[in-house]
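Chain by chain, the residues:
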Amino acid sequence: MTLTRWQRPDGYGLAPWRRSLSPQDGLSQLLQSFAGVLDSPLDAGLETQFPDGGLPAVDMHDGKEALTVRAELPGMKKEDIDISLEGGVLTLSGERKGGCDSESGGASHCERWFGRFQRSISLPCRVDTKTIKAAYTDGVLSITMAKAEEAKAKKIKVQFN
Amino acid sequence: MNTVVNNLEQAAPAQPAAIECECEYVRPVVNIYETPDTYVLEAELPGVNKAGVSVQLEGNVLTVEGRRSPPALPDTELFYRESSAADFRRVFQVDPAIEAAKIGARMEQGILTLTLPKSDAAKPRKIAVA
């Protein structure tokens, strides 16, 4: 087993638990990342289920005290959205109910996607899991997570001798 | 047979008489349904509230616009973005046999639902044979 240098996950998505790779694993991981449908740094190395339709667009805001994730999910009900946070990975999943055949006439033009979706996002820093807040207004899901103490930027006083 | 609702972009994009601004817009995704009495148009406008929606019908050209108003996040830096910052706009050519005065619009969780009732002439009619 070869050793690879562990890189701090600051900003763009290396999952913090990436293990050292044997040459075999390195190749299969590389192939997997090329085959990944979403070429997004947030989802790198994580399973993102690609449903029949699409995936919500996600924005990430970095604040001094908290991290905010916003996902565009119009036309859903709060109870159909699931949010979970485990090991530094935020997972948004749910089901967009409805469909092109639901109306009595059937859709003559169908661009919206429906069905189950799941998107996992690796967070760039540690967050306090007890203080997650989520809000859903105007079709945008907004998740605010307070950063863990050690993840906040701190001023370090340098002593000159 | 009358066409249902067409995207004007398939031919040439409709230009209003005076172009107000050289803005870039994003086309919202839509679903169009037809029932015997109405056309229903659902447009996805995430991040747009009721006040930011504008629907205009001029002749048989329907323009749907949505202005985004994201809640401000003070002291934060947007370091990753997949959504667009541009507002929404899409233009449609509609069936002329629509009762313009009775068009209904509803905005809920980022979905604009427009109900366009067909005028009596366009509804299917049973013709009795004497």
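If you're wondering where the values come from, they're calculated on a predicted model, not measured in any experiment. (Residues numbered from 1 in each chain as written. Chains lettered and ligands numbered in written order. Predicted model: local features only at pLDDT ≥ 70, side-chain atom pairs only at ≥ 80, totals over all residues.)

### Things to note about the interface of chain B and chain A
With 29 residues of chain B in contact, the opposing surface of chain A contributes 28 residues. Tallied by class, residues from the side of chain B that touches chain A come to 14 nonpolar, eight polar and seven charged. (Contact = placed C-beta atoms within 7 Å. Nonpolar A, V, L, I, M, F, W, Y, C, P; charged D, E, K, R; others polar.)

### Here's the deal with the sheet that holds strand S2 (residues 66-72) of chain A
Taken in spatial order, the five strands of this open sheet run S7(A)-S8(A)-S2(A)-S1(A)-S7(B), and their pairing is antiparallel. In this open sheet, the two strands that pair with only one neighbour each are strand S7 (133-137) of chain A together with strand S7 (76-80) of chain B. Here the strands of the sheet are splayed against their neighbours by 20 degrees on average, with no regard to which way each runs. Sheet topology places S2 of chain A next to strand S8 (residues 140-146) of chain A; seven bridges connect them, and they run antiparallel. Paired with Arg-70 of chain A across the bridge in S8 of chain A is Ser-142 of chain A. (Pairing = 2+ DSSP bridges. Helix = DSSP H or I, 4+ residues; strand = E, 2+ residues; numbered from the N terminus. Axes fitted to C-alpha atoms, helices over the stretch in contact; angles between N-to-C directions.)

### So, the nonpolar core
Residues and elements named next belong to chain B. Core analysis: the biggest nonpolar cluster contains 19 residues, and Ile-32, Leu-41, Ala-43, Leu-45, Val-94, Leu-112 and Leu-116 have the highest contact counts within it. At the level of secondary structure, the elements contributing two or more residues to this core comprise strand S3 (30-34), strand S4 (38-44), strand S6 (61-66), strand S8 (87-94) and strand S10 (111-117). Here this core gets four residues from one element, more than from any other, and that element is S10. (Core = buried A, V, L, I, M, F, W, Y, C linked by C-beta atoms within 7 Å. Buried ≥ 20, exposed ≤ 12 C-beta atoms within 10 Å, placed from the backbone.)

### Here's the deal with the sheet that holds S4 of chain B
Within the open sheet, the five strands sit side by side as S5(A)-S3(B)-S4(B)-S10(B)-S9(B). Their pairing is antiparallel. Two strands in the sheet have a free side with no partner beyond their single neighbour: strand S5 (107-110) of chain A together with strand S9 (104-108) of chain B. Taken pair by pair, the neighbouring strands of this sheet meet at an average axis angle of 10 degrees, ignoring direction.

### Re the pairing of S10 of chain B
Residues and elements named next belong to chain B. Both S4 and S10 contribute to a ladder of seven bridges, which runs antiparallel. Looking at S10, one finds that Ala-43 is bridged to Leu-112. With antiparallel pairing between neighbouring strands as the criterion, S9 and S10 make up a hairpin whose turn holds two residues, including Gln-109 at a positive phi of roughly 50 degrees.

### Section: the pairing of S7 of chain A
All names here are of chain A. The buried fraction of S7 amounts to zero of the five residues, a small share that puts the element mostly on the outside. Sheet topology places S7 next to S8; five bridges connect them, and they run antiparallel. Across the sheet, residue Tyr-136 finds its bridge partner in S8, namely Leu-141. Count of turn residues in the S7/S8 antiparallel hairpin: two residues, of which Asp-138 carries a positive phi of about 50 degrees.

### A short note on the confidence of the model for chain B
Per-residue confidence for chain B gives a mean pLDDT of 82, with 82% of residues at or over 70. Throughout residues 7-19 of chain B the model reports pLDDT below 50, and contacts reaching past four residues in sequence, or to other chains, amount to nine contacts. (pLDDT = per-residue confidence, 0-100.)

### Thoughts on the environment of Ala-71 of chain A
Residues and elements named next belong to chain A. Positionally, Ala-71 belongs in strand S2. Look at Ala-71 and you get buried, because 26 C-beta atoms sit within 10 Å. Setting aside anything within four residues of it in sequence, one finds Ala-71 in contact with Pro-56, Val-58, Leu-92 and Leu-141.

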